[in-house]
Amino acid sequence: MRRVALFAAALLTASVLVFALLRLLPGDVAATIAGIDATPARLAAIRAELGLDRPLVQQYWAWLTGALGGDLGTSQLNGASVSAELGRKLTVTAPLVLGAAVLAVLIAVPFGVWAAVGNRTALGTGISAVSQVGIAVPALWLGLVLALVFSVQLRWLPAQGFPPVGWDDPVGAVRSLVLPCVALGLTEGAVLLRFVRSAVLGVLHSDFLRTARAKGLTRGQALRAHGLRNAALPVVSVLGVQLATLIVGAVVVERVFTLPGVGSMLVADVGNRDLVKVQGEVFLVVAAVLLISLLVDVAHRLIDPRLRATRSGAVR
Amino acid sequence: MTVLLSVLRRPAGAFGLIWIGLLAVAAIVSTFWTPFDPLRTDPGKAWLLPFTDGHVLGTDRIGHDQFSQLLVGARETMVVAVCAALVAAVVGLLLGLLAALGPGWVSGPAVGLIDVLIAFPTLLLAMVLAAVYGSSLGTVVVAIGTGFGVAVARVARAEIASVRGSDYVLAARVGGAGTARIIRRHVLPNIAPTLIVQLSLVMALAVLVEAALTYLGYGSSPSSPSWGGMLHEQQAHIAARPLLVIWPGLAVALTVLAFNLLGDALREATDPRLAR
């Protein structure tokens with residue numbers, strides 16, 4: 001319960017920050033929209049239309065109550081509803097992020113455990129070295145290289161775009177998401193792998209695992225019965241942070257593959273200086289990140305009975 | 001000095017240090033001299049393959065010498081990495097000190113601010129600042145420095161808190177030392193190793209974010225070559241000249257790897273618990 005209150009407080013602070021970042025600092029939003037050669041009458045019209053002539057607190061309150069009700073305002077350029085457009089774009093971005101996250105876990109968990117168990121053997125060192133390289137490779141470049149191999153050379157998958165009819169063409173939609181998912185998933189999986197490895201390494205040296213071995217379990221049995229659940233705690237935390245990075249990574253990868261998702265929308269809106277839309281999109285991303293960290297805490301409690309037994313926040 | 005030697009003794013650390021040293025040299029040299037003018041277009045020399053007419057890495061569609069562009073790109077990358085790390089150090093130290101040592105009415109909000117700011121992805125922060133102020137090298141540096149500075153602050157706060165609770169700080173306080181003196185004499189020297197490791201990781205991330213930002217078109221200026229900008233430029237011709245996409249990406253990957261390996265080596269060299 002205390003955690004939910006903290007989440008609400010953080011969300012509120014974040015909304016103030018996003019609002020302030022886009023409203024207080026730049027001087028005059030209307031001038032930004034209208035451009036340098038705007039007439040005073042045009043500026044006044046824009047101010048009135050956006051409610052900029054009202055006090056800041058009132059503007060903020062109107063925006064916040066709208067945002068909480070799911071209305072993020074309307075675009076300054078074409079008057080379209082920001083929420084509706086975001087919903088449409090999410091049908092591309094959400095599968096991309098989720099697919100990449102699943103792929104990252106599928107790579108990181110088995111190979112990370114393997115690298116930890118085989119620590120200081122050729123195999124473990126090899127996996128670690130490959131993951132170091134994977135962390136260093138930018139997702140956008142991996143995307144380009146994948147497109148080069150699988151689209152340009154082999155012609156298996158499309159290098160760009162998304163079916164105009166969207167998910168009404170399921171095969172086409174999945175095919176255009178494969179390479180972006182792999183580009184994101186591999187690079188994030190490499191980061192996650194390092195954390196899985198160090199978590200499992202920590203567990204392997206723990207007293208309770210030695211006790212389990214002393215009872216007569218093999219190393220594999222002991223690890224499965226006692227080790228992995230303990231190693232899962234830090235990994236779940238990192239996975240939460242990773243989901244946040246994946247959302248941002250999607251911004252870049254969507255541009256590489258020209259996918260019509262939230263990332264491409266954000267880049268275009270920043271280019272157009274459509275500040276109302278940018279404000280809504282940024283708040284959505286930050287809210288998603290905060291929500292994920294709340295869910296991570298809940299997941300911790302599900303995995304670790306010790307956290308359930310004590311009062312929230314008392315044990316770390 | 002001993003730390004430097006111990007980093008150089010590890011193969012991974014030596015690679016990191018040498019590659020970053022080379023980049024620093026390239027960044028400085030490119031200020032005075034590049035094999036060709038990186039911005040000169042020459043249609044007569046378009047699409048040259050590597051090692052023709054003195055173009056080590058070849059030329060692109062309009063005759064830009066790729067090696068010269070990479071050198072100038074190294075300058076932008078290094079400037080962003082170093083400046084962003086400095087900003088991150090200042091932001092991280094200030095917030096960390098406030099959160100760990102400030103009176104209750106300061107430390108509470110500082111901790112809260114760190115928790116909320118951590119939810120702001122750095123790339124997003126940079127894009128927002130670019131939308132508001134227009135894109136420039138300064139915007140990129142401030143955004144990356146602040147974004148990762150908050151993460152540094154979280155680590156710094158934990159470190160400072162553990163130093164504050166130590167017996168030698170208590171002894172100093174009993175001896176009449178004020179907060180400023182304790183920070184200078186005890187806190188800063190003790191958290192310096194952790195901070196330096198964190199900053200080398202910040203530099204690695206800064207290189208990645210800078211590449212993404214310049215790829216998206218938020219770099220210093222469209223006319224100045226950057227690694228991300230080169231990737232963006234050559235993407236359209238990937239089928240005709242795949243190699244032109246390989247060079248800048250390889251440069252980014254090697255640089256990030258170098259900073260990460262240097263960070264690991266520094267950690268091993270300065271943390272006695274990790275010494276074998």
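In this report, we go over the structure that sits alongside the text. Position labels on residues start from 1 in each chain and follow its written sequence. Chain labels run from A onward and ligand labels from 1 onward, assigned in the order the entries are written. Where local features are concerned, this predicted model is filtered to residues with pLDDT of at least 70; where side-chain atom pairs are given and counted, the filter is 80 or more; whole-chain, interface and lining totals use all residues. The basis for the side-chain values is all heavy atoms of the structure; hydrogens and waters are excluded.

The next point concerns the overall build of chain A. In this description a helix means any DSSP run of H or I spanning at least four residues, a strand means any run of E spanning at least two, and both kinds are numbered starting from the N terminus. For chain A, the count of helices and strands is 13 helices and 0 strands. Moving toward the C terminus, one meets the helices and strands of chain A in the order α-α-α-α-α-α-α-α-α-α-α-α-α. Counting only residues that meet the buried cut, chain A has 47% of its 316 residues in that class. In this analysis, two residues are considered to be in contact whenever any of their non-hydrogen atoms come within 4.5 Å of each other. Taking the contacts inside chain A whose residues are at least 6 apart along the sequence as the reference set, 70% of them involve residues at least 24 apart. Using a 1.4 Å probe, the Shrake-Rupley method yields the accessible areas, and only the shown protein chains count as cover for residues. Of the roughly 15400 Å² of accessible surface on chain A, a fraction of 67% belongs to carbon and sulfur atoms. Burial here depends on accessible area, computed with a 1.4 Å probe over protein chains only, as a share of the maximum for the residue type. Under 20% is buried, over 50% is exposed, and the range in between is partly exposed.

For salt bridges, the criterion is a side-chain nitrogen of Lys or Arg within 4 Å of an Asp or Glu carboxyl oxygen. For the structure on display, the rule yields 5 salt bridges over all chains. Notably, a salt bridge pairs Lys277(A) with Asp269(A), separated by 3.2 Å at the nearest N-O pair. Each member of the pair, Lys277(A) as well as Asp269(A), is classed as buried. For the salt bridge of Arg10(B) with Glu268(B), the shortest nitrogen-to-oxygen distance reads 3.0 Å. Within this pair, whereas Arg10(B) is found in the loop between helix H1 (2-9) and helix H2 (11-32), its partner Glu268(B) is found in helix H10 (residues 243-270), the two being separated by 258 residues in sequence. One continuous salt-bridge network, built from bridges that share partners, spans Arg194(A), Asp264(B) and Arg267(B).

Turning our eyes to something else, we now look at the interface of chain A and chain B. Reports of interface size often rely on the accessible area that becomes lost once the parts have come together. Contacts between chain A and chain B engage 41 residues on the former and 40 residues on the latter. Summed over both partners, the accessible area (1.4 Å probe) lost when two parts come together is defined as the buried area. Carbon and sulfur atoms supply 80% of the area buried between chain A and chain B, which totals about 3500 Å² over both sides. The interface formed by chain A and chain B holds 1 salt bridge in total. In this structure, Asp264(B) engages Arg194(A) in a salt bridge whose closest nitrogen and oxygen atoms are separated by 3.4 Å. Any pair of nitrogen or oxygen atoms within 3.5 Å is treated as a polar contact; in protein, a donor-acceptor pairing is required on top of that, and neighbouring residues in sequence qualify only through side-chain atoms on both sides. Counting across the interface, chain A meets chain B through 4 residue pairs in polar contact (both at pLDDT 80 or more).

This paragraph deals with the environment of Ala27(B). Residue and element names in this part refer to chain B. With respect to the secondary-structure elements, alanine 27 resides in helix H2. Taking relative accessible area as the criterion, alanine 27 reaches 9% and is therefore assigned buried. Taking C-alpha positions, alanine 27 is 6.5 Å from leucine 71, a pair spaced 44 residues apart along the chain. If sequence neighbours within four positions are ignored, alanine 27 has contacts with Ala74, Arg75 and Met78.

What follows is about a nonpolar patch on the surface. Together, Val25(B), Ile28(B), Val29(B), Phe32(B) and Trp33(B) line one region of the surface with nonpolar side chains, adding up to about 560 Å² of accessible area. One can find Val25(B) in helix H2. Surface patches are defined over residues having more than 30% relative accessible area and no salt bridge, joining like charges when they lie within 9 Å and nonpolar side chains (Val, Leu, Ile, Met, Phe, Trp, Tyr) when within 5 Å.

Let us look at the side chain of Thr77(B). Position of Thr77(B) relative to the elements: it lies in helix H3 (residues 66-101). Apart from residues lying up to four places away in sequence, Thr77(B) is in contact with Val207(B), Glu210(B) and Trp227(B).

Attention shifts here to the packing of helix H5 (residues 82-117) of chain A against helix H10 (residues 219-256) of chain A. Residue and element names in this part refer to chain A. Between H5 and H10, whose axes approach to 8 Å, the crossing angle comes to 145°. Between H5 and H10 lies a crossing of right-handed hand. Contacts between H5 and H10 involve Thr93, Leu96, Val97, Ala100, Ala101, Val105, Val113 and Val117 from the former and Arg219, Leu223, Leu228, Leu239, Leu243, Leu246, Ile247, Ala250 and Glu254 from the latter. The classification used treats Ala, Val, Leu, Ile, Met, Phe, Trp, Tyr, Cys and Pro as nonpolar, Asp, Glu, Lys and Arg as charged, and all other residues, Gly among them, as polar. Split into classes, the residues belonging to the contact of H5 with H10 amount to 14 nonpolar, 1 polar and 2 charged. Axes, fitted as lines to C-alpha atoms, cover a helix only where it is in contact. Angles between the N-to-C directions of the axes lie from 0 to 180 degrees. In a left-handed crossing the near helix is turned counterclockwise from the far helix by less than a right angle, and in a right-handed crossing that turn is clockwise.

Honestly, it's all geometry; don't read function into it.
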